[in-house]
Amino acid sequence: QLVESGGGSVQAGDSLRLSCAASGRTLCMSWFRQAPGKEREFVALIAWNGGTTYYAESVEGRFTISEDSTNNTVYLQMNSLKPEDTAVYYCAGGWHYSFLPSEYTSWGQGTRVTVSA
């Protein structure tokens, strides 16, 4: 089970930190997002205890994914937010380093992020 928190409404240029509490462990955790009328897209990935991370080009340099293995929580620090970052953000657990939502076996309920200009 995955439970996200930390979404909200902010102004462009602000920061938010999302959290995802996991009740179990997979190989890796990712954040995806889905804007209205669009497909779910990959945002960032991190391996538990391994330090491996990947980012979508659209968030590279602005977002940072991290994990706290002691309490099975993954974070997404989002800085310099833009209106185009507006979406519902989902965390997901999987057993492959993949950018595809279909490769993930567990999903949270999502947390909404709204960035106004």
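Cut-offs and rules
- Residues numbered from 1 in each chain as written.
- Predicted model: local features only at pLDDT ≥ 70, side-chain atom pairs only at ≥ 80, totals over all residues.
- Heavy atoms only, no water.
- Helix = DSSP H or I, 4+ residues; strand = E, 2+ residues; numbered from the N terminus.
- Buried < 20%, exposed > 50% of the residue type's maximum accessible area, 1.4 Å probe, protein only.
- Phe/Tyr/Trp six-rings, centres within 6.5 Å; stacked < 30°, edge-to-face > 60°.
- Lys NZ or Arg CZ within 6 Å of the ring centre and 35° of its normal.
- Salt bridge = Lys/Arg side-chain N within 4 Å of Asp/Glu carboxyl O.
- Pairing = 2+ DSSP bridges.
- Axes fitted to C-alpha atoms, helices over the stretch in contact; angles between N-to-C directions.
- Disulfide = S-S within 2.5 Å.

Student: What is the right way to look at unusual backbone geometry in this model?
Tutor: Most peptide bonds adopt trans geometry, and most residues besides glycine take a negative phi value. In this structure, asparagine 72 is a non-glycine residue whose phi angle is positive, near 50 degrees. Note on placement: asparagine 72 falls in the loop between β7 (63-68) and β8 (73-78). Residue class for asparagine 72 comes out buried when judged on its relative accessible area of 17%. Phi is positive for serine 80, which is not a glycine, with a value near 50 degrees.

Student: How should the packing of aromatic side chains be read in this particular structure?
Tutor: Between two aromatic rings, the relevant description is the distance of the centres plus the angle of the planes. In the structure shown here, the tally under the stated rule is eight aromatic pairs. Note on phenylalanine 32 and phenylalanine 42: the rings are 5.8 Å apart at their centroids and 80 degrees apart in plane angle, and the pair reads as edge-to-face. Taken together, the residues span a long stretch of sequence, with phenylalanine 32 in strand β4 (residues 28-34) and phenylalanine 42 in strand β5 (residues 41-47) at a distance of 10 residues. Looking at phenylalanine 42, the relative accessible area reads 10%, which means it is buried. Of note, arginine 25 hangs over the ring of tryptophan 48, and the distance from its end group to the ring centre comes to 4.3 Å. One Lys or Arg, arginine 40, reaches over the ring of tyrosine 90 and ends 3.8 Å from the middle of that ring.

Student: Just checking my understanding: could you explain the pattern of salt bridges for this structure?
Tutor: Opposite charge on two side chains makes pairing possible when the charged atoms of those side chains draw close. Taken as a whole and judged by the stated rule, the model has three salt bridges. Arginine 33 is the salt-bridge partner of aspartate 85, the closest N and O atoms lying 2.9 Å from each other. Taken together, the residues aspartate 85 in the loop between β8 and β9 (87-94) and arginine 33 in strand β4 connect sequence positions 52 residues apart. Given a relative accessible area of 6%, arginine 33 falls into the buried group. Through salt bridges with shared partners, one network takes in Arg33, Glu41, Arg62 and Asp85.

Student: For this particular structure, what's the right way to read the sheet that holds β8?
Tutor: Strands belonging to one sheet form pairs held by backbone hydrogen bonds; the direction of such a pair is parallel or antiparallel. Across the sheet, four strands lie side by side as β1-β3-β8-β7; this open sheet has antiparallel pairing. The strands lining the two open edges of the sheet, one partner per strand, are β1 (2-5) and β7. Recorded for the sheet is a direction-independent mean angle of 15 degrees between the axes of neighbouring strands. As judged from the four bridges shared by β1 and strand β3 (residues 16-22), these two strands associate in the antiparallel manner. Directly across from valine 3, in β3, lies its bridge partner alanine 21.

Student: Explain the state of the cysteines here, please?
Tutor: A disulfide bridge is the covalent bond that connects two cysteines by way of their sulfur atoms. For the structure on display, the rule yields one disulfide. Two residues share a disulfide in this structure: cysteine 20 and cysteine 91, whose sulfurs sit 2.0 Å from each other. Given an S-S torsion of about 60 degrees, the disulfide between cysteine 20 and cysteine 91 has right-handed geometry. Of this pair, cysteine 20 sits in strand β3 while cysteine 91 sits in strand β9, placing them 71 residues apart in sequence. Take cysteine 20: its relative accessible area is 0%, and that puts it in the buried class. The cysteine cysteine 28 is free of any disulfide, with cysteine 91 supplying the nearest cysteine sulfur at 12 Å. Judged by its relative accessible area of 0%, cysteine 28 falls in the buried class.

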